[in-house]
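# Structure at a glance
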Amino acid sequence: MPVNVTGPAPRSRTRTLLARRILAAIAVTVAVFGVSLPVDGAEAASGANSREQVQLQGSVNQTRRAHGLRPLTLDQVFANKAQTWAGVLAGCECLWHRNSPYGAGQGWYAVAESFGRGSSVSQVYDALLTSSMDRASILTRRFTHIGTGVARAESGEVYVVLAFMDRTP
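Now for a description of the structure that goes with this document. All values derive from a computational prediction rather than experimental measurement.

### Comments concerning the state of the cysteines
- Evaluated as defined, the whole model comprises 1 disulfide.
- Residue pairing for Cys92: its cysteine sulfur links by disulfide to Cys94, the two sulfurs lying 1.8 Å apart. Since a negative S-S torsion denotes a left-handed disulfide, the Cys92-Cys94 link at about -70° is left-handed.
- Judged by relative accessible area, which is 18%, Cys94 ranks as buried.

Dropping the structure here:
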């Protein structure tokens, strides 16, 4: 039986395209106006990291120390951008990378980004450690700075963003 390939897009594809357009509009709004997105139902203050963001940075640095690596220093601008991106991902309940350099400002020499979603920050972090690429980012000797983001979707799922940067010339 022939398939009609010229008809309207399937409903799920139409929804996906609409969702992408809405997310693009949100991302542009956030980039232009610097809108902060909620963490655990509360507004994240610019320059203030949530308990979960601090916990996440601590987990990364604990893993790095266990492998003989120096801890990563928090870059607040990078953390704010990672937080904003976690909010975007939680808002659409989806996962995808930002364009490189993942919110890094001037002065970076190498960057990477890891992200995931799950029931808790620790569950997502443990899952990232089982991914060879994400684990490699966490354990890259070259990285010097980190930015973390944690946001909750309406469904209750936790979205985590780890952004890594090297500022050593």
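Past the structure itself, the notes keep going.
### Quick notes on the pattern of salt bridges
- With the rule as written, the count across this model stands at 3 salt bridges.
- One salt bridge connects Asp75 with Arg167, and the closest N-O pair in it is separated by 3.4 Å. One end of the pair, Asp75, is in the loop between β3 (73-74) and α3 (76-92); the other, Arg167, is in the segment after β6 (158-166), and 92 residues separate them in sequence.
- For the salt bridge of Asp166 with Arg142, the shortest nitrogen-to-oxygen distance reads 2.5 Å. Pair noted here: Asp166 is in strand β6 and Arg142 is in the loop between α5 (132-138) and β5 (145-152), with a separation of 24 residues, a long-range link.
- Of the residues examined, Asp166 reaches a relative accessible area of 2% and is grouped as buried.

### Things to note about the environment of Phe164
- Residue position: Phe164 is located in strand β6.
- Residues Phe164 and Val111 lie 53 residues apart in sequence; the distance between their C-alpha atoms is 5.4 Å.
- If we ignore the near neighbours within four places in the chain, the residues touching Phe164 are Val60, Leu72, Phe78, Ala110, Val111, Ala112, Ser114, Ser137, Ile138, Phe143, His145 and Ile146.

### Quick notes on the sheet that holds β5
- In spatial order, the strands read β3-β5-β6-β4; together these 4 strands make up an open sheet with mixed pairing. The sheet terminates laterally at β3 and β4 (110-118), the two strands that pair on one side only.
- Bridge analysis of β3 against β5 gives 2 bridges, and the strand direction is parallel. Looking at β5, one finds that Leu74 is bridged to Ile146.
- With respect to the sheet, helix α2 (residues 51-66) is in contact with β3, β5 and β6, its orientation differing from that of β5 by roughly 135°.
- Sitting on the sheet, helix α4 (residues 121-130) is in contact with β4, β5 and β6, with an inclination near 125° to β4.

### Concerning the side chain of Thr63
- Relative to the helices and strands, Thr63 is located in helix α2.
- What makes Thr63 buried here is its relative accessible area of 12%.
- Engagement of the side chain of Thr63 in a polar contact is seen with the side chain of Tyr125, the distance being 2.7 Å.
- Setting aside residues up to four positions removed in sequence, Thr63 forms contacts with Tyr125, Leu129, Ile138 and Leu139.

### A short note on the nonpolar core
- Formed by 18 residues in total, the largest nonpolar core has its most connected members in Leu56, Val60, Tyr125, Ile138, Val160, Leu162 and Phe164.
- Looking at this core, the elements with two or more residues in it are α2, β4, α4, β5 and β6.
- Counting 15 residues, the second-largest nonpolar core is a separate cluster that includes Phe115, Ala151, Ala153 and Ala163.

Cut-off values and rules
Residues numbered from 1 in each chain as written. Predicted model: local features only at pLDDT ≥ 70, side-chain atom pairs only at ≥ 80, totals over all residues. Heavy atoms only, no water. Disulfide = S-S within 2.5 Å. Buried < 20%, exposed > 50% of the residue type's maximum accessible area, 1.4 Å probe, protein only. Salt bridge = Lys/Arg side-chain N within 4 Å of Asp/Glu carboxyl O. Helix = DSSP H or I, 4+ residues; strand = E, 2+ residues; numbered from the N terminus. Contact = heavy atoms within 4.5 Å. Pairing = 2+ DSSP bridges. Axes fitted to C-alpha atoms, helices over the stretch in contact; angles between N-to-C directions. Polar contact = N/O pair within 3.5 Å; in protein donor to acceptor, adjacent residues only side chain to side chain. Core = buried A, V, L, I, M, F, W, Y, C linked by side-chain atoms within 4.5 Å.

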